[in-house]
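# Working through the structure, step by step
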Amino acid sequence: MLLSHPLGDATQDMGHQPDWLLLCAVIVLLMQAGFMCVESGLVREKNSISVAVKNLADLLVSVASFWVIGFSIMFGSTVLGLFGVGLWLPDFASSDSLAAFFVFQAVFCGTATTIVSGAVAERMRFHGYLISCVCISALIYPIVGHWVWASGINGMSAGWLEALGFRDFAGSTVVHSVGGWAALASCIVIGPR
């Protein structure tokens, strides 16, 4: 059975267990270490530390950007199924389930952002890369995520693709495709080696 959201129907009433979501988030977070190891091993030795720092920095920047604006765009009340509004700078003190849901979504956002890192390794300046991380995690990823997973919190707001019956299995479109397309666009802008 294909699920419209990586959490399936459990997200419809936010009745999922925070411990389970956090365990899943930790597993996804381990992908960051894997990306760092792969990229550090594929670049020249003199750049391996800068690649490792870039991977850590993009995770921090993407989680912060996603918290400030991206979470609202992705899961806020829908505007014509295109983007969400109304959850700016969410406060998680009152809901462990919402906090766990945010962490789970934030590490996926970080994963989509990190995919670009491998494509531009040794080819992009650090500050330019961080600017691209903010753009991806605050706007691009959340907008596409809203199209597909907007009903993730309340089950009421549906993005336009979700309303058409589109199903994304385990983030293959929202996470990996967005990261891949952003990586391709970055390589086109940078140009050939």
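Residues numbered from 1 in each chain as written. Predicted model: local features only at pLDDT ≥ 70, side-chain atom pairs only at ≥ 80, totals over all residues. Heavy atoms only, no water.

## Quick look at the confidence of the model for the protein
The condition that has to hold: Per-residue confidence from the predictor is reported as pLDDT, a score between 0 and 100. Note on conventions: DSSP H or I runs of at least 4 residues are helices, E runs of at least 2 residues are strands, and numbering of each starts at the N terminus.
With 92% of its residues at a pLDDT of at least 70, the protein reaches an overall mean of 86. Predicted confidence in the protein is weakest over strand β1 (residues 77-79), with a mean pLDDT of 88, and strongest over helix α4 (residues 126-149), with 94.

## Overview of helix α6 (residues 172-190)
Using the following cut-off: Expected span of a helix: the number of residues minus one, times 1.5 Å. Exposure classes here rest on a 1.4 Å probe applied to the protein chains alone. A residue is buried below 20% of its type maximum, exposed above 50%, and partly exposed in between. In what follows, a contact means two residues having at least one pair of non-hydrogen atoms within 4.5 Å.
In this model, α6 (19 residues) spans 26 Å end to end at C-alpha, consistent with the 27 Å of a helix rising 1.5 Å per residue. For α6, the full list of buried residues reads Val-174, Val-175, Val-178, Gly-179, Ala-182, Ala-183 and Ser-186. Considering only its buried residues, α6 is in contact with α2 (48-75), α3 (96-119) and α4. Looking at the residues trailing α6, positive phi occurs at Gly-191, about 95°.

## Some words on the packing of aromatic side chains
Threshold: Classification of ring pairs rests on two measures: the distance between centres of Phe, Tyr or Trp rings, Trp counted by its six-membered ring, which must be within 6.5 Å, and the angle between planes, read as stacked under 30 degrees, edge-to-face over 60 and tilted in between.
Under the defined criterion, the tally for this structure stands at eleven aromatic pairs. Residues Phe-75 and Phe-101 carry aromatic rings whose centres are separated by 5.0 Å and whose planes lie at 65° to one another, so their mutual orientation is edge-to-face. With Phe-75 in helix α2 and Phe-101 in helix α3, this residue pair connects regions lying 26 residues apart in the sequence. As far as the burial class goes, Phe-75 and Phe-101 line up, both buried. Arranged with centres 5.0 Å apart and planes meeting at 85°, the rings of Phe-104 and Phe-108 form a pair that is edge-to-face. With a gap of four residues between them, Phe-104 and Phe-108 both fall in helix α3, about one helical turn apart. On the basis of relative accessibility, which here comes to 4%, the residue Phe-104 falls in the buried class. With a relative accessible area of 9%, Phe-108 lands in the buried category.

## Quick word on unusual backbone geometry
Positive phi values are uncommon outside glycine, yet Leu-89 reaches one of about 40°. Along the chain, Leu-89 falls in the loop between β2 (83-85) and α3. Owing to a relative accessible area of 45%, Leu-89 belongs among the partly exposed residues under this scheme. Positive phi, normally seen in glycine, also occurs at Glu-122, with a value near 65°. Tracing the backbone through its elements, the reader meets Glu-122 in the loop between α3 and α4. Classification of Glu-122 as partly exposed rests on a relative accessible area of 31%.

## Concerning the packing of α3 against α6
What describes two packed helices is the angle between their axes and the distance between those same axes. Heads up, the rule is: Axis definition: a line fitted to C-alpha atoms, over the contacting stretch in the case of helices. Angles run 0 to 180 degrees between N-to-C directions. Orientation categories follow fixed angle ranges, with anything under 35 degrees roughly parallel, anything over 145 roughly antiparallel, 65 to 115 roughly perpendicular, and all other angles oblique. Take the far helix as your reference; a near helix turned counterclockwise from it by less than a right angle gives a left-handed crossing, and one turned clockwise gives a right-handed crossing.
Between α3 and α6, the shortest axis-to-axis distance is 8 Å and the interhelical angle comes to 30°. Relative to α6, α3 is oriented roughly parallel. The two elements α3 and α6 cross, and the hand of that crossing is right-handed. On α6, the residues touching Phe-108, Thr-111, Ala-112, Ile-115, Val-116 and Ala-119 of α3 are Val-175, His-176, Gly-179, Gly-180, Ala-182, Ala-183, Ser-186 and Cys-187.

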